[in-house]
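Residue strings, one per chain:
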Amino acid sequence: MAQQWWRNAAIYQVYVRSFADGNGDGVGDLAGVRDRLGHIAELGMDAVWLTPFYASPMADGGYDVADYRAVDPLFGQLSDAEALIADAHGLGLRVIVDIVPNHTSSQHPWFVEALSAEPGSPARERYVFREGRDGGPPNDWESMFGGPAWTQVADGQWYLHLFDPGQPDLNWQHAEVHAEFESILRFWLDRGVDGIRIDVAHGLVKADGLPDAQCTDQGGLLTAVELPYFDQDGVHEIYREWRKILDCYPGERIGVAEAWVRGADRLALYLRPDELHQAFNFHYAQAEWSAQQFRTTIDDSLAAVAGVGAASTWVLSNHDIERHVTRFGGGELGLRRARAAALLTLALPGSAYVYQGEELGLPEVTDLPEEVLADPKWERSGHTERGRDGCRVPIPWSGSEPPFGFGPSSWLPQPRDWAALTVEAQRGDPTSTLSLYRDALLLRRDLPVEGLEWLESDPDVLAFRRGPSFTCTVNFGSSPVRLPRPGRLLLSSTQEPELEANEQTVTLPPSSAAWWTGEEDAHAR
Ligand code: GLC
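Residues numbered from 1 in each chain as written. Predicted model: local features only at pLDDT ≥ 70, side-chain atom pairs only at ≥ 80, totals over all residues. Heavy atoms only, no water.

## Concerning the pattern of salt bridges
Scanning the model with the defined rule gives 26 salt bridges in all. For the salt bridge of Arg69 with Glu180, the shortest nitrogen-to-oxygen distance reads 3.0 Å. Placement of Arg69 in strand β4 (residues 67-71) and of Glu180 in helix α6 (residues 175-190) is noted, with a sequence separation of 111 residues between them. Within this structure, Asp60, Asp320, Asp375, Arg388 and Arg392 form a network of salt bridges that share partners. (Salt bridge = Lys/Arg side-chain N within 4 Å of Asp/Glu carboxyl O. Helix = DSSP H or I, 4+ residues; strand = E, 2+ residues; numbered from the N terminus.)

See the structure below:
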């Protein structure tokens, strides 16, 4: 297999609960993923990242883990995970699993023991228990889901949870916590997984003395200000230890950081040669639809990773953020921009992450009935923030009515007009978003691994070359733009008639992207 496969890999994110239901209970599971692996392989992906499927009370959709070595009955059993890994490998897909080291579930045996122990006892040391301050919590830290990051227990002490109260933060100053996670890593690596995605990788170490953050709306400031519980320098020692473990295994096993940090430079620190292989590029996912914003983010990202010899990742959507069709304006315009963004993203040097359903052009579902909302944000915010369920609505596979082949039912209702967006409806249509992704992923295999050269262009246009024979153009503007013709058209995010080419110039339609081959090919046409 190719060396350093991750550097330019296309990686498909499966949010297991919402991908495909194999056992008929309306919730996606590992059997469902196994059945549908062909979709991911046919798309042309190199790897699949599975969100947590471990034993969990599901206070946060499985990111609250009670047993890191067991599969939750909702998702199947350990043998299903093993069979899924084997099937994926058989199809040429690598497998990345999610590890959640910042917190456990409050039903994890360690936390259950801590709660029944005395204040100050060793069982409490594995978590962050403190006395309160002035009758309230020990400091001003806020939960990412709203409200204080502390909950008081019966004897008066408080415990830290940067997320839900059902997700107590572990104490990473404790040797047993280190040893336990090293063992969990080995457990999954021994089962053949090719990588681990590290949840809240920036959160494990807290500033000494747990000082106040001295601001409010902390969850909204993740990439803007320094917070005493995120991106502390001490986290890097942990990843240096983990890298040694990954390197003990054959076949280039990788670590991927989910790290919300201030700038591309801070993110690159996680990618130093003795640390992790990849980190999600959330600055890219936060860029607004503007040539300038995308250009700046791409330049900053590439410069930062070059400094540490790593490759960048490119992320448009995931299970925590609003789907980009909606972020880019929604409706027809949002879809049009999303298709252009897909061609831009898949043309960049580095690794592209694709979130399930983006290849179908799915929008965010913004009108879910309140009674189905399951994201803890909804309750924790006092019903002011609906949370992330709108990007977690189950995938429409086939048929003309919900649940569109997801299973006999679906745990979140799908919009009726998704009938036109099912995999079945899009598969045979060369103009569909599914076909666009498939075509792009196939052509992407021939792109050079590194290198990007910007070409002079209109302020609303990004144009760049990758090697002598590939050019990508993106028109972010709302008017057509005329350019010297970059070569022969390979692929376009809009339909052919909109792209009027003559010998020397070409008109790029608004909100569109195109891929071109080099000059020689153009003349040969
Ligand atoms: C990460 C996950 C998110 C989860 C949180 C707490 O950000 O992606 O879904 O809620 O961590 O584990």
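## Some points on the site of the ligand
Around the ligand, a shell composed of 14 residues is seen, among which Asp60, Asp199, Glu258, His319 and Asp320 lie nearest. One of the side-chain N or O atoms of Asp320 is found 2.5 Å from an oxygen atom in the ligand. Taking 300 Å² as the accessible area of the ligand by itself, protein coverage stands at 96%. In terms of residue class, the shell around the ligand is made up of four nonpolar, three polar and seven charged. (Near = heavy atom within 4 Å. Polar contact = N/O pair within 3.5 Å; in protein donor to acceptor, adjacent residues only side chain to side chain. Areas by Shrake-Rupley, 256 points an atom, 1.4 Å probe, with all protein chains shown as cover. Nonpolar A, V, L, I, M, F, W, Y, C, P; charged D, E, K, R; others polar.)

## So, helix α10 (residues 291-306)
Residues separated by three or four positions in an α-helix point in the same direction, a consequence of the helix having 3.6 residues per turn. The end-to-end C-alpha separation of α10 is 22 Å, in line with the 22 Å expected for 16 residues at 1.5 Å each. Those residues of α10 not exposed but buried are Ala291, Phe294, Thr297, Ile298, Ser301, Ala304 and Val305. Considering only its buried residues, α10 is in contact with α8 (264-268), α9 (282-285), β12 (313-315), α12 (331-347), β14 (453-454) and β15 (461-465). (Expected span 1.5 Å × (residues − 1). Buried < 20%, exposed > 50% of the residue type's maximum accessible area, 1.4 Å probe, protein only. Contact = heavy atoms within 4.5 Å.)

## Topic: the sheet that holds strand β20 (residues 512-517)
To summarise the sheet geometry, strands pair through backbone hydrogen bonds and adopt either a parallel or an antiparallel arrangement. As summarised here, the arrangement of the five strands in space is β14-β15-β16-β20-β18, forming an open sheet in which the pairing is antiparallel. Looking at which strands have only one partner, the edges of the open sheet turn out to be β14 and β18 (488-492). Pairing analysis gives five bridges linking β15 to strand β16 (residues 470-475), with the strands arranged antiparallel. Pairing of Val461 across the sheet is with Asn475, part of β16. On the sheet, α10 packs against β14 and β15 and is oriented at approximately 35° with respect to β15. Contacting β15, β16, β18 and β20, α12 crosses the sheet at an angle of about 40° to β20. (Pairing = 2+ DSSP bridges. Axes fitted to C-alpha atoms, helices over the stretch in contact; angles between N-to-C directions.)

## Overview of the packing of α6 against helix α7 (residues 235-247)
As a packed pair, α6 and α7 sit with axes 11 Å apart at the nearest point and diverge in direction by 30°. With respect to their mutual orientation, α6 and α7 come out roughly parallel. Viewed along their axes, α6 and α7 form a crossing whose handedness is right-handed. Of the residues in α7, those touching α6 at His178, Phe181, Glu182, Leu185, Arg186 and Leu189 are Ile238, Glu241, Trp242, Ile245 and Leu246. Residues belonging to the contact of α6 with α7 are distributed by class as follows: seven nonpolar, one polar and three charged. (Parallel < 35°, antiparallel > 145°, perpendicular 65-115°, else oblique. Left-handed = near helix turned anticlockwise from the far one by under 90°.)

## Details of the packing of aromatic side chains
Across all of its chains, the model carries 33 aromatic pairs by this definition. Look at Trp141 and Trp150: their rings are 6.5 Å apart centre to centre, the planes differ by 35°, and that puts the pair in the tilted class. Each of the two residues, Trp141 as well as Trp150, counts as buried. What links up through ring pairs into an aromatic cluster is the set Tyr68, Trp172, Phe181, Tyr239, Trp242 and Tyr270. Directly above the aromatic system of Phe129 lies the positively charged group of Arg124, at a separation of 4.6 Å from the ring centroid. The ring of Phe187 is capped by Arg191, whose NZ or CZ atom sits 3.8 Å from the centre of that ring. (Phe/Tyr/Trp six-rings, centres within 6.5 Å; stacked < 30°, edge-to-face > 60°. Lys NZ or Arg CZ within 6 Å of the ring centre and 35° of its normal.)

## Details of the nonpolar core
In terms of nonpolar packing, the biggest core is built from 161 residues, with Phe53, Trp188, Tyr239 and Trp242 touching the most fellow members. With residues up to four places along the chain from it excluded, the contact list for Tyr239 reads Ile198, Ala201, Leu204, Tyr270, Asp274, Glu275 and Leu276. (Core = buried A, V, L, I, M, F, W, Y, C linked by side-chain atoms within 4.5 Å.)

## Focus on unusual backbone geometry
Most peptide bonds take the trans form, and the phi angle of most residues other than glycine is negative. For the bond from Pro402 to Pro403, the omega torsion is 5°, close enough to zero to count as cis. When you line up the elements, Pro403 lands in the loop between α13 (376-380) and α14 (423-427). Positive phi outside glycine occurs at Leu210, with the angle close to 45°. Tracing the backbone shows Leu210 in the loop between β9 (195-198) and α7. Phi angles above zero are rare outside glycine, and Glu252 is one such case at about 55°.

What is shown is where atoms sit, not what they do.
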